[in-house]
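Chain by chain, the residues run as shown.
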Amino acid sequence: MTNQNLIKYSLPGLMLITFLLGLLTFLQKMTIRWDSGDNSYCYLILPLFIYLCWEKKDSFRFGEFTWNIWGLFPVVMSILLIFAGELGSIETFVYIGLWGCIIGTMVTIYGTRLFQLWFPLLILVFIIPLPPFINRMMTFHLKLAASSLSVAMLRLVGISVLQDGNIIDLGIAQLQVVDACSGLRYLMPLILMALLFGYFYCQWWWQNAILLIAVIPLSIVVNGMRIILTGMLHVWGKPELAEDFFHDFSGWIVFMLAGAILFGSSILLRRMGNRLKKVEGIRSTVEAKSLNSGERKVIGGQEEQRGRNTAPNDLNAPKPSNPLKKSLTITAVLCLLFLGSGYSLKRLPSAANLPARTSFETFPMEIGNWQAKRNYLSQEILENLWSDDYLNATYINGDRSHAINLLIPFYEYQGTRHTAHAPQSCMLGGGWALISSKERFVTTDDGTRFPIMASMWEKGETRVLGSYFFFQRGRTITSPWMNKYWLMVDAFTRQRTDGALVRAEMPIPSHQSAEDSYRMLEGFLGLVYEILPEYVPI
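Throughout, a residue's number is its position along its own chain's written sequence, starting from 1. Local features are withheld for residues below a pLDDT of 70 in this predicted model, meaning they are given only at 70 or higher, and side-chain atom pairs are given and counted only at 80 or more; totals for whole chains, interfaces and linings count all residues. The side-chain values count all of the structure's non-hydrogen atoms but skip hydrogen atoms and water molecules.

**Notes on the nonpolar core**
As a rule of thumb, nonpolar side chains are buried together in soluble globular proteins. Counting residues in each nonpolar core, the largest one holds 50 residues, and the members touching the most others are Leu23, Leu98, Ile123 and Phe338. Those elements giving two or more residues to this core turn out to be helix H1 (3-34), helix H2 (45-55), helix H4 (72-87), helix H5 (91-110), helix H6 (118-124), helix H8 (184-201) and helix H12 (323-347). When checking whether two residues touch, look at their non-hydrogen atoms; a contact exists if any pair is within 4.5 Å. With residues up to four places along the chain from it excluded, the contact list for Phe338 reads Met15, Thr18, Phe19, Gly22, Leu23, Val75, Ile79, Cys101 and Thr105. Here, nonpolar core refers to any group of buried Ala, Val, Leu, Ile, Met, Phe, Trp, Tyr and Cys residues whose side-chain atoms link them within 4.5 Å. For every residue, the accessible area obtained with a 1.4 Å probe (protein chains only) is divided by the maximum for its type, and the residue is called buried under 20%, exposed over 50%, and partly exposed between those limits. Residues Leu391, Phe450, Val502 and Ile508 belong to the second largest nonpolar core, which totals 34 residues. Only DSSP runs of H or I reaching four residues or more are called helices, and only runs of E reaching two or more are called strands; each is numbered from the N terminus.

Dropping the structure here:
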C-alpha cells in the first residue's frame, strides 16, 4: 500500500476518533437514556446497522471515497442542533444532532452514493430514544388500552373484576398497570422487527404497511395477555409466580410470541406477493408474444448501435485535480468542527458568571403565619433532581388546618440531565390523575404580579392543588418550552443558565372549596416570591 493510499484510508478513522473525543459527553448521556427499560432496544441498533452495511459491501464498495464538500452542511446544522439541545436542555435535539453528524460525515465521504444505504440509515434512526413527552403520552394511552383489554378478557373467562383507570381490582388483590407494563417496551422493538421483516421478506409497499399497522394492536394484545396471566395467578392463589423473575420471564415470552406472529405475517405476505408476481409475469409473457419478431430485431439493432456510440471515452473523462488535497482539507474541517464544538459545549453551560446568592440553608422557616419543618430528600431523588441546592419544607398555617409542601431546586447552570423540569411527569408517575390545569396570576403585597401554573390532582378520595413556576434569571415563566427558549438566549447573551423551579402542593380539605384553597395557596406563594431573589439571583 502506497503512502497516499495509507493516508486516504486513515482519514475516515481520524474523523471517527475526533467525533468520539469531541462529543463523548453527549454519547454517554444518550447511553444513560438507553439504560432505561423502554429504550434498552437501542443497544441493538449499531450492530444491526453494521450488519446491514456489511451485506452491501460488494455492491457499495466502501473503500471508494467521493469526498463531497456539501456533506459539511448537514454536519454544521447538526452541531447547531446539539448546541440548541444542550443549552435549552432538550435531550432529543442533542441525540438527533449526533445522528445528523454521522449522516453528514458519511455524505462527505460517499456523496450521493449514500442513497444506496437508505435502509441501514433508517434503522440507525432508532438510536434516538423517544422524546419524554411522547413517551409519557404513549405510555398513558397504552396503559389504559392494555388495562381495558385485560379486564374484558378476565370477565370473559368468568373472573369478577373492576377497573379504575390503570388499576384492576380483583377483589383479593389490586393490579396496577405501571409504565413497564404499558406496551411501550414492546412497541418500539416490534416496529423495528416489522421494518426488518418487511425489508428481508416483502417486496411491495403495502406489505410493509400492513406489518407496521399491525404493531400497535399487537403490542397491546400481547401485553394484555401478560396482565391476564398475572391476574389469573392471583386468583389461583399463586401471586408469587407473578412477581420478580417470573414477571420478567413472562414479559420475554409474550414479546417472543409477538415477534413470531410478525415473522409469520411477513412470510404469509411474501407468499401473497409471489402469487401476484406470477400473475403479473404471465400477463407480461402474453404481451411480449404479441410483439412482431422483426420489430424486436430492429429495436435490438438500434440499442446495439446506441451502445457503441455511447461507450465511455476514458481519455476525455474529467479527472479530479489533486483529490488528496481535497480529502485532507475536508477531514481537517470536520475534525475541527467536532473538537471545537465539544470544547465549546463544555465551557458554555457553567457557573462562572453566577451572581452571589444565599444558600437555602438559611431560608426562613416562618413566612407570615406559616410555620415550617425542613425535610431532606433521599439520595435517589437527589440524583434524579440534578440540583446544586434545594429547599424542601412543609409549611403549616397558624390554626393547623392547611399544609403546603414547598420544593425549590436551584441550578448553578443548566443543560441536559442538569436542569429544572415541570413536575407533571412526577405526579403522573406517582399515580395521580390530572383533573384541571391553567395559568393563574398572583399579586404580592407590593403590587408585583406574576404567573403560576396551577393544577388539581386526584388519587382515590384525596385531592391536591399543585402549582409551579420557573424563576430564571429574573424571569417568571410557566411554559417549559419558553423556559428552554430563554435558556438558549441567556446562554449566549448573558453567559448564564442558572435558575430554579418553585413547586408547591397543598391537599384540599374536605370542607373547603377548590377556589378558596387556590386563594390560600396563592397568598402563600406571594409571600415566598418577595424573598426569593435573595436565594435565586435575578
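What follows continues from the structure just given.
**Observations concerning the confidence of the model for the chain**
Values of pLDDT, which run from 0 to 100, indicate the predictor's confidence residue by residue. Scored by pLDDT, the chain has a mean of 82; 80% of the residues are at 70 or more. The secondary-structure element of the chain with the lowest mean pLDDT is helix H11 (residues 293-309), recorded at 51, while strand S11 (residues 475-477) shows the highest, at 96. Taken as a whole, residues 310-320 scores under 50 in pLDDT and shows 0 contacts with residues more than four places along the chain or in a different chain.

**Some details on H2**
The α-helix advances 3.6 residues per turn, and as a result positions three or four apart in sequence lie on the same side. If you check which residues of H2 are buried, you get Ile45, Phe49, Leu52 and Cys53. Buried positions in H2, seen along its axis, are confined to an arc of 100 degrees and lie on one side of it. Exposed residues lying more than 90 degrees from the buried face of H2 are Ile50 and Trp54. Of all possible arcs, the one meant is that of the directions from the helix axis to the C-beta atoms.

**Describing a nonpolar patch on the surface**
Only residues above 30% relative accessible area that lack a salt bridge enter a patch, with like-charged residues linked at up to 9 Å and the nonpolar side chains Val, Leu, Ile, Met, Phe, Trp and Tyr linked at up to 5 Å. The protein chains shown are the only cover counted for residues, whose accessible areas, like all others here, come from Shrake-Rupley with a 1.4 Å probe. A side-chain nitrogen of Lys or Arg and a carboxyl oxygen of Asp or Glu constitute a salt bridge if their distance falls within 4 Å. Taken together, Phe73, Val76, Met77 and Leu80 make up a surface patch of nonpolar side chains, about 390 Å² in accessible area. Examined against the element boundaries, Met77 turns out to sit in helix H4. On the basis of relative accessible area, Met77 is assigned to the partly exposed category, the value being 42%.

**With respect to the pattern of salt bridges**
Side chains that differ in charge, positive against negative, can pair when their charged atoms come close. Summed over all chains, the structure comprises 13 salt bridges. In this structure, the salt-bridge partner of Glu91 is Arg33, at a minimum N-O distance of 3.9 Å. Of this pair, Glu91 sits in helix H5 while Arg33 sits in helix H1, and the two are 58 residues apart along the sequence. The class for Glu91 is buried, based on a relative accessible area of 14%. The residue Asp490 makes a salt bridge to Arg473 at a minimum N-O spacing of 2.5 Å. Linking Asp490 in helix H15 (residues 480-493) with Arg473 in the loop between strand S10 (462-472) and S11, this pair joins segments that are 17 residues apart in sequence. The buried category is assigned to Arg473, whose relative accessible area is 3%. A network of salt bridges, in which partner residues are shared, links Arg473, Arg475, Asp490 and Arg494.

**Quick word on the packing of H4 against H15**
Taken N-terminus to C-terminus, the directions of H4 and H15 make an angle of 105 degrees; their axes are 8 Å apart at the nearest point. One way to sum up the angle between H4 and H15 is to call them roughly perpendicular. Along its contact with H4, which presents Phe83, Ala84 and Leu87, the element H15 presents Leu487, Met488, Ala491 and Phe492. Between the N-to-C directions of two axes lies an angle of 0 to 180 degrees, each axis being a line fitted to C-alpha atoms and, for a helix, fitted only over the stretch in contact. The cut-offs work like this: below 35 degrees is roughly parallel, past 145 is roughly antiparallel, 65 to 115 is roughly perpendicular, and the gaps in between are oblique.

**Digging into the packing of H4 against H5**
Interaxial distance between H4 and H5 falls to 8 Å at its minimum, and their mutual angle equals 165 degrees. With respect to H5, the element H4 is oriented roughly antiparallel. Taken as a pair, H4 and H5 cross one another with a handedness that is left-handed. Between H4 and H5, the residues in contact are Leu72, Pro74, Val75, Ser78, Ile79, Leu81, Ile82, Ala84, Gly85 and Glu86 and Phe93, Val94, Ile96, Gly97, Leu98, Gly100, Cys101, Gly104, Thr105 and Thr108, respectively. Nonpolar residues are Ala, Val, Leu, Ile, Met, Phe, Trp, Tyr, Cys and Pro. Charged residues are Asp, Glu, Lys and Arg, and all others, Gly as well, are polar. Per-class residue counts for the contact of H4 with H5 are 12 nonpolar, 7 polar and 1 charged. Throughout, a crossing is termed right-handed when the near helix is turned clockwise from the far one, and left-handed when it is turned anticlockwise from it by less than a right angle.

**Structural notes on the packing of aromatic side chains**
Stacked, edge-to-face and tilted labels apply to pairs of Phe, Tyr and Trp rings (six-membered ring for Trp) whose centres lie within 6.5 Å, assigned for plane angles under 30 degrees, over 60, and everything in between, in that order. Counted under the stated rule, the structure contains 26 aromatic pairs. For the pair Phe60 and Tyr110, a centre-to-centre distance of 5.0 Å together with 70 degrees between the ring planes defines the contact as edge-to-face. Within this pair, whereas Phe60 is found in helix H3 (residues 57-60), its partner Tyr110 is found in helix H5, the two being separated by 50 residues in sequence. Residue class for Tyr110 comes out buried when judged on its relative accessible area of 9%. Aromatic ring contacts, followed pair by pair, group Tyr9, Phe60, Phe62, Phe65, Trp67 and Tyr110 into a single cluster. Positioned above the aromatic ring of Phe360 is the side chain of Arg357, whose terminal nitrogen or guanidinium carbon lies 5.4 Å from the ring centre. Two conditions define a charge located above a ring, namely a distance within 6 Å from the ring centre to NZ of Lys or CZ of Arg, and an angle within 35 degrees of the ring normal.

**Some remarks on the pairing of strand S9 (residues 449-459)**
In terms of residue burial, S9 counts as a mostly covered element, since 8 of its 11 residues are buried. One ladder, built from 10 bridges, connects strand S8 (residues 433-443) with S9; its direction is antiparallel. Bridge pairing in S9 links Arg440 to Ile452. Two strands qualify as a pair provided DSSP detects at least 2 bridges between them. In sequence, S8 turns back onto S9 through a hairpin of 5 residues, with Gly447 there showing a positive phi of about 95 degrees. Relative to S10, S9 runs antiparallel, the two being bridged by 7 bridges.

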